[in-house]
Amino acid sequence: MAGHSQFKNIMHRKGAQDAKRSKIFNKLAREITVAAKAGLPDPAANPRLRAAILAGRAQNMPRDRIDRAIKQGTPGGGDDANYEEIRYEGYGPGGTALIVEALTDNRNRTASEVRSAFTKHGGSLGETNSVSFMFNRVGAILYPVAAASADVMFEAALEAGADNVESDEDGHQVTSTIENFGLVRDALEAKFGAPESARLTWLPLNTVAPSEEAAASLLKLIDVLEDNDDVQVVEGNFDISDELMQKLTA
């Protein structure tokens, strides 16, 4: 989930994610398997697989689970499912825009479940590209605050070809174009070690501040979507204050 701040939302999600650790591992394993199927099973030669493994490690996914997922994605590995990557777009409570990315082996089932979630929780599912024009597709690389000072991270990121760096008490968020993403990620990893997260994401051009009631419904909608086995990522353009976020997630 991404909204008012990548970092603060990540901290908010961690509490909920800890309670759903096995479901998260299943989703990460699916992405690793699909990435291995789409290219070589070697992360050094498969950027998508490398990013998927990084995401797994950031969630403390066991090494044997990662290895098993890679093996399933290789020929004869045992996973014969054909997963499709699908993007759903729509509006959540309070006029917020949401983008839902899924990996599914049953397009009809996933579409029905995503549509139902939107409808039941005050949103409406739209057509493809109905809200994505409100976002930029970028590469996002997250580092903990201890990785480097803001100045050092800023200089290293710009030298590597990044477009922007935002640093606060929660850490550093480096953004780049899709084309430069791999180069920036590799350069920063060589200098600072593996990031907490490195993936393509949807960055809102402008944000919407929902009311407390709308924000409560929005977070419920996002929880239901993220609880769906086929949904990998939910992004949004909402801006919820720290105080309200803490109140709603207490």
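Small disclaimer: the values here were computed from a predicted structure and weren't measured.

Here is what the cut-offs are and how they apply
- Residues numbered from 1 in each chain as written.
- Predicted model: local features only at pLDDT ≥ 70, side-chain atom pairs only at ≥ 80, totals over all residues.
- Heavy atoms only, no water.
- Axes fitted to C-alpha atoms, helices over the stretch in contact; angles between N-to-C directions.
- Helix = DSSP H or I, 4+ residues; strand = E, 2+ residues; numbered from the N terminus.
- Parallel < 35°, antiparallel > 145°, perpendicular 65-115°, else oblique.
- Left-handed = near helix turned anticlockwise from the far one by under 90°.
- Contact = heavy atoms within 4.5 Å.
- Nonpolar A, V, L, I, M, F, W, Y, C, P; charged D, E, K, R; others polar.
- Domains from an automatic or database assignment.
- Buried area = accessible area lost by both parts, 1.4 Å probe.
- Salt bridge = Lys/Arg side-chain N within 4 Å of Asp/Glu carboxyl O.
- Polar contact = N/O pair within 3.5 Å; in protein donor to acceptor, adjacent residues only side chain to side chain.
- Pairing = 2+ DSSP bridges.
- Phe/Tyr/Trp six-rings, centres within 6.5 Å; stacked < 30°, edge-to-face > 60°.
- Lys NZ or Arg CZ within 6 Å of the ring centre and 35° of its normal.
- Buried < 20%, exposed > 50% of the residue type's maximum accessible area, 1.4 Å probe, protein only.

A. Molecular detail of the packing of helix α8 (residues 212-226) against helix α9 (residues 242-249). The geometry of α8 relative to α9 is characterised by a closest axis approach of 11 Å and an angle of 55 degrees between their N-to-C directions. As the angle between them shows, α8 and α9 are arranged oblique. Here the hand of the crossing between α8 and α9 comes out right-handed. Counted together, Glu-212, Ala-215, Ala-216 and Leu-219 of α8 and Leu-244, Met-245, Lys-247, Leu-248 and Thr-249 of α9 form the full contact between these two elements. For the contact of α8 with α9, the class distribution of residues is six nonpolar, one polar and two charged.

B. Inspection of the domain arrangement of the protein chain at higher detail. Domain annotation of the protein chain identifies domain 1 (6-73), domain 2 (84-133 + 206-239) and domain 3 (134-204). Each of domain 2 and domain 3 has a C-alpha centre, and these two points are 26 Å apart. Facing 14 residues of domain 2, the contacting portion of domain 3 comprises seven residues. Carbon and sulfur atoms supply 58% of the area buried between domain 2 and domain 3, which totals about 980 Å² over both sides. At the surface where domain 2 touches domain 3, the tally comes to two salt bridges. The residue Glu-101 makes a salt bridge to Arg-137 at a minimum N-O spacing of 3.2 Å. There are eight residue pairs in polar contact (both at pLDDT 80 or more) connecting domain 2 and domain 3. At the level of secondary structure, the elements contributing two or more residues to the side of domain 2 that touches domain 3 comprise β1 (84-92), β2 (96-104) and β8 (231-236).

C. The sheet that holds strand β4 (residues 135-143), seen in detail. Pairing within the open sheet is antiparallel, and its four strands lie in the order β5-β6-β4-β7. In this open sheet, the two edge strands, each paired with only one partner strand, are β5 (164-168) and β7 (197-204). Each adjacent strand pair in this sheet contributes to an overall mean axis angle of 30 degrees, direction not counted. The pairing of β4 with strand β6 (residues 171-176) spans five bridges and is antiparallel. Of the residues in β6, the one forming a bridge with Leu-142 is Gln-173. Of the strands in this sheet, β4, β6 and β7 touch helix α7 (residues 181-192), which is tilted by about 10 degrees from β4.

D. Highlighting the environment of Ala-148. On the secondary structure map, Ala-148 appears in the loop between β4 and α6 (150-160). Spatially, the C-alpha atom of Ala-148 lies 8.7 Å from that of His-172, the residues being 24 residues apart in sequence. Beyond its immediate chain neighbours, meaning those up to four positions away, Ala-148 contacts Met-153, His-172 and Phe-192.

E. Expanded view of the packing of aromatic side chains. Considering all chains together, one arrives at one aromatic pair under this definition. Ring plane angle 70 degrees and centroid distance 5.9 Å describe the contact between Tyr-143 and Phe-192, whose orientation is recorded as edge-to-face. Pair noted here: Tyr-143 is in strand β4 and Phe-192 is in helix α7, with a separation of 49 residues, a long-range link. When the ring centre of Phe-181 is taken as origin, the NZ or CZ atom of Arg-185, which lies over that ring, is 5.4 Å away.

F. Representation of the pairing of β8. Across the six residues that make up β8, a large majority, five, are buried. Pairing of β2 with β8 involves five bridges; the strand directions are antiparallel. Bridge pairing links Leu-98 to Gly-236 in β8.

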